[in-house]
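Architecture and fold: a report
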Amino acid sequence: MALLTDLINLDLSETTDKIIAEYIWIGGSGLDLRSKARTLPGPVTDPSQLPKWNYDGSSTGQAPGEDSEVILYPQAIFKDPFRRGNNILVMCDCYTPAGEPIPTNKRYNAAKVFSHPDVVAEEPWYGIEQEYTLLQKDVKWPLGWPVGGFPGPQGPYYCSAGADKSFGRDIVDAHYKACLYAGINVSGINGEVMPGQWEFQVGPAVGISAGDQIWVARYILERITEIAGVVLSLDPKPIQGDWNGAGAHTNYSTKSMRNDGGYEIIKTAIEKLGKRHKEHIAAYGEGNERRLTGRHETADINTFIWGVANRGASIRVGRETEQNGKGYFEDRRPASNMDPYVVTSMIAKTTILWKP
């Protein structure tokens, strides 16, 4: 095993200029991450320098067997925390050989929204709070829970320390550092209210890069849990009953909101979001109705309410934003399994481009 570790950690730069690029894409479920590696002649600094590639879409539920080729377009580069050196992770999106985005390519339309001149001028910032649950591999039951049983009720676990309260910290910390190494703007982590549940935050990130960073952070987490022999769940309500669900609260601001007088712009934006509540909920993640019940720090799925410092609201505005008269707000509706390309672009489209 020691020799295996030595070989995995080999520094290629001692003998060759060649690098390994791990191409990552989103599979047919819209949530599964796929990847494969290729050798490149030397270091790369921009996605435009990378070749397109292809894969068998019939094996990912994205193309029929008789016409199975799907083309990968490299879109964003990150340093590879597993292979290190000059090796890279490459976030891609997916197209037909004719150059049409395939149905599961949600990045394509998001990029169109974020390249609109009105959106570019507003410099939308996002901070996404990605909650997730760690499960024991063979029983699909949360880490630290007795198999087939339950721990004590919620209360002692949030931001806790101790072997009887905090489960999986080594995975969480490894992920935190790996993301920072990769160039993902992870701003923090914390243990969540339900034991075995954690959160990392990505941001501030501008425009389309918020989606790229969340997807690559999820990929890195999948790889680390694979090594640890633990299963990652993004289910918005992994355990029924009196246990918190998992969300992806999305903090958002535009240049106008961050400038003096921004609080009025924020209130107008929230009003617009309220008018399109149903459309947003439909796009905010599968199974969200199990989470948005009006309990466990959520608003009911059919109700739109906003408030200052209210964690039971659809949209929460911070006390500091209210006091300063400018800042940001938090959309608390997105589920943990949401597509960040869809959610971030939809918020920008509704608040900046939509004219009710």
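Residues numbered from 1 in each chain as written. Predicted model: local features only at pLDDT ≥ 70, side-chain atom pairs only at ≥ 80, totals over all residues. Heavy atoms only, no water.

Overview of the overall build of the protein
For clarity, the cut-off: Under the DSSP-based scheme used, a helix requires at least four consecutive residues in state H or I and a strand at least two consecutive residues in state E, with every element numbered from the N terminus. The atom set for the radius of gyration is the C-alpha atoms, and the globule formula is 2.2 Å times the number of residues raised to the power 0.38. In this scheme, a residue with accessible area under 20% of its type's maximum is buried, one over 50% is exposed, and one in between is partly exposed, where area comes from a 1.4 Å probe on protein chains only. Note on contacts: a residue pair is in contact if any heavy atoms of the two residues lie within 4.5 Å. Using the Shrake-Rupley algorithm and a 1.4 Å probe, accessible areas are obtained, with residue cover drawn only from the displayed protein chains. When charges are counted, Lys and Arg are positive and Asp and Glu negative, with His and the chain ends excluded. In this description, the location of a charge corresponds to atom NZ of lysine, CZ of arginine, CG of aspartate or CD of glutamate.
Each helix and strand in the protein was counted, giving ten helices and 13 strands. Computed over its C-alpha atoms, the radius of gyration of the protein comes to 21 Å, within 12% of the 21 Å expected for a compact globule of 356 residues. Along the first, second and third principal axes, the C-alpha atoms of the protein reach 60 × 55 × 40 Å. For the protein, the residues scored as buried account for 52% of the 356 residues in total. Taking contacts inside the protein between residues at least 6 apart in sequence as the whole, the part at least 24 apart equals 65%. Surface exposure of the protein reaches about 16200 Å², of which carbon and sulfur atoms provide 51%. Positive and negative side-chain charges of the protein, numbering 37 and 43 respectively, have mean locations separated by a distance of 3 Å.

Details of the pairing of strand S7 (residues 186–191)
The test is simple: At least two bridges found by DSSP between two strands is the condition for calling them paired.
Judged from the five bridges that link them, S7 and strand S8 (residues 197–206) form a sheet pairing that is antiparallel. Bridged to Gly191 within S8 is Trp198.

A look at the pattern of salt bridges
The line we're drawing: A pair is scored as a salt bridge if a Lys or Arg side-chain nitrogen falls within 4 Å of a carboxyl oxygen belonging to Asp or Glu.
The full count for this structure, using the stated rule, is 15 salt bridges. Arg83 is the partner of Asp80 in a salt bridge, and the nearest nitrogen-oxygen pair spans 3.5 Å. Under the relative-accessibility criterion, Asp80 is labelled buried at 1%. What makes Arg83 partly exposed here is its relative accessible area of 29%.

Considering helix H10 (residues 340–353)
Residues that lie three or four places apart on an α-helix share one face, since the helix turns once every 3.6 residues. Quick note on the threshold: Here the expected span of a helix is defined as 1.5 Å times the quantity of residues minus one.
With 14 residues, H10 should reach 20 Å at 1.5 Å per residue; the first-to-last C-alpha distance of 19 Å fits that figure. Here H10 lies mainly inside the structure; eleven of its 14 residues are buried. Every buried residue belonging to H10 is among Pro340, Tyr341, Val343, Thr344, Ser345, Met346, Ile347, Ala348, Thr350, Thr351 and Ile352, and all of these are buried.

What about the UniProt feature "domain: GS catalytic" (unreviewed entry) in the protein?
Quick reminder of the rule: UniProt positions are given in the numbering used here, feature names are shortened, and annotations may be inferred rather than shown by experiment.
The positions that UniProt labels "domain: GS catalytic" (unreviewed entry) are, in the present scheme, residues 106–356. What you have in residues 106–356 is 37% helix and 19% strand, and the ends, taken at the C-alpha atoms, are 24 Å apart.

Comments concerning the packing of helix H2 (residues 107–114) against H10
Definition in use: Each axis is a line fitted through C-alpha atoms, and for a helix only the stretch in contact is used; angles between axes span 0 to 180 degrees, taken between their N-to-C directions. Note that the term roughly parallel is reserved for angles under 35 degrees, roughly antiparallel for angles over 145, roughly perpendicular for angles of 65 to 115, and oblique for everything else. Note: crossing handedness is left-handed where the near helix turns anticlockwise from the far helix by less than a right angle, and right-handed where it turns clockwise.
Two numbers describe how H2 lies on H10: the axes approach to 9 Å, and their chain directions differ by 30°. Relative to H10, H2 is oriented roughly parallel. Helix-helix and strand crossings are classified by hand; for H2 and H10 the assignment is left-handed. On H10, the residues that touch Arg107, Ala110, Val113 and Phe114 of H2 are Tyr341, Thr344, Ser345, Ala348, Lys349 and Leu353.

Focus on the sheet that holds strand S3 (residues 53–56)
Strand order across the open sheet formed by five strands is S2-S1-S5-S4-S3, with mixed pairing between neighbours. A strand with exactly one partner marks an edge of an open sheet, and here the two such strands are strand S2 (33–40) and S3. Ignoring strand direction, the axes of neighbouring strands in this sheet form an average angle of 40°. Pairing of strand S1 (residues 19–26) with S2 involves eight bridges; the strand directions are antiparallel. In the sheet register, Ile24 faces S2, and the bridge partner there is Ser35. Across the face of the sheet, helix H5 (residues 208–228) comes into contact with S1, S2, strand S4 (69–79) and strand S5 (88–95) while running at roughly 115° to S5.

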